[in-house]
Amino acid sequence: MNHLNIRQIQEIIPHRHPFLLIDEIEDYEPGEFAVGYKCVTYREDFFAGHFPQEPVMPGVLLVEALAQVGAVAILSLEENKGKIAFFGGIKNCRFRGKVVPGDKVRLETRIISRKGPIGVGEAVASVDGKTVVKAELTFAVG
C-alpha cells in the first residue's frame, strides 16, 4: 500500500485549507486509482450555514473531495508532476445519503480512461460501507 499523509498530498495537488478536502490517502497507484479519507468534524466552516439546525456536508464538496482524490492518482504520474487537474465534467452523479459531523468518508476514484490530457474517473464516496455519492468525473490536466 502507498500511504500519503497531508504534507505528501500537498506535494502532489495544489489545494490548501480551507479547500483541501482530503485528510489522507490510504493507497494509490499513479494513473490508476486512489483511495482517501475525509474526517468530517463539526468545526468545518460550511456547517455554519449548511444547515445550522441540521449540519450536512454539501454534496458539491463531496464531489470535489472525490475529484481531489482522483487528482492525486493522475498528478502522481511522473509526466504530470507540478501540473493541475481541472474539472471537465460530472456525469451520472447520484447522492444516496447524508454526510454529517463525525463521519469518516471513504473516497475512491479509479481512472477508467485517459487520452492525452483528458481523462475520466469513476468515483464513489461511502460512510461505514454505505455509498453516499457516486459519479463519473472528467478531468483535464493543464
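This text follows the structure it describes.
Procedures and definitions
- Residues numbered from 1 in each chain as written.
- Predicted model: local features only at pLDDT ≥ 70, side-chain atom pairs only at ≥ 80, totals over all residues.
- Heavy atoms only, no water.
- Pairing = 2+ DSSP bridges.
- Helix = DSSP H or I, 4+ residues; strand = E, 2+ residues; numbered from the N terminus.
- Salt bridge = Lys/Arg side-chain N within 4 Å of Asp/Glu carboxyl O.
- Buried < 20%, exposed > 50% of the residue type's maximum accessible area, 1.4 Å probe, protein only.
- Core = buried A, V, L, I, M, F, W, Y, C linked by side-chain atoms within 4.5 Å.
- Expected span 1.5 Å × (residues − 1).

Participant: What is the right way to read the pairing of strand β6 (residues 130–141) from this model?
Facilitator: Regular strands place side chains that alternate from one sheet face to the opposite one. Of the strand pairs in this sheet, strand β3 (residues 85–95) and β6 are connected by eight bridges, and their pairing is antiparallel. Paired with alanine 85 across the strands is valine 141, a residue of β6. In this structure, strand β5 (residues 118–127) lies alongside β6, joined through ten bridges in antiparallel fashion. Bridging from a neighbouring strand, valine 127 pairs with lysine 130 of β6. Hairpin connection of β5 to β6: two residues between the antiparallel strands, including aspartate 128 at a positive phi of 50°.

Participant: Quick question: what am I supposed to make of the pattern of salt bridges here?
Facilitator: A side chain with one charge can pair with a side chain of the opposite charge if their charged atoms come near. Enumeration over the complete set of coordinates arrives at seven salt bridges. With a closest N to O distance of 2.4 Å, glutamate 54 and lysine 98 form a salt bridge. Placement of glutamate 54 in the loop between β2 (33–39) and α2 (59–75) and of lysine 98 in the loop between β3 and β4 (104–115) is noted, with a sequence separation of 44 residues between them. Glutamate 54 sits in the partly exposed class, given a relative accessible area of 41%.

Participant: Sorry if this is basic, but what is going on with the nonpolar core here?
Facilitator: Soluble globular proteins: nonpolar side chains tend toward being buried together. By size, the foremost hydrophobic cluster in this structure holds 41 residues, and its most contacted members are Ile13 and Ile22. Mapped onto this core, the elements with two or more residues apiece are α1 (6–12), β1 (24–29), α2, β4, β5 and β6. Per element, the largest residue contribution to this core is twelve residues, and it comes from α2.

Participant: Sorry, what's going on with α2 here?
Facilitator: Each α-helix turn comprises 3.6 residues. Residues three or four places apart therefore point the same way. The first and last C-alpha atoms of α2 sit 24 Å apart over 17 residues, in line with the 24 Å expected at 1.5 Å per residue. Counting buried positions over the 17 residues of α2 gives 15, a clear majority of the element.

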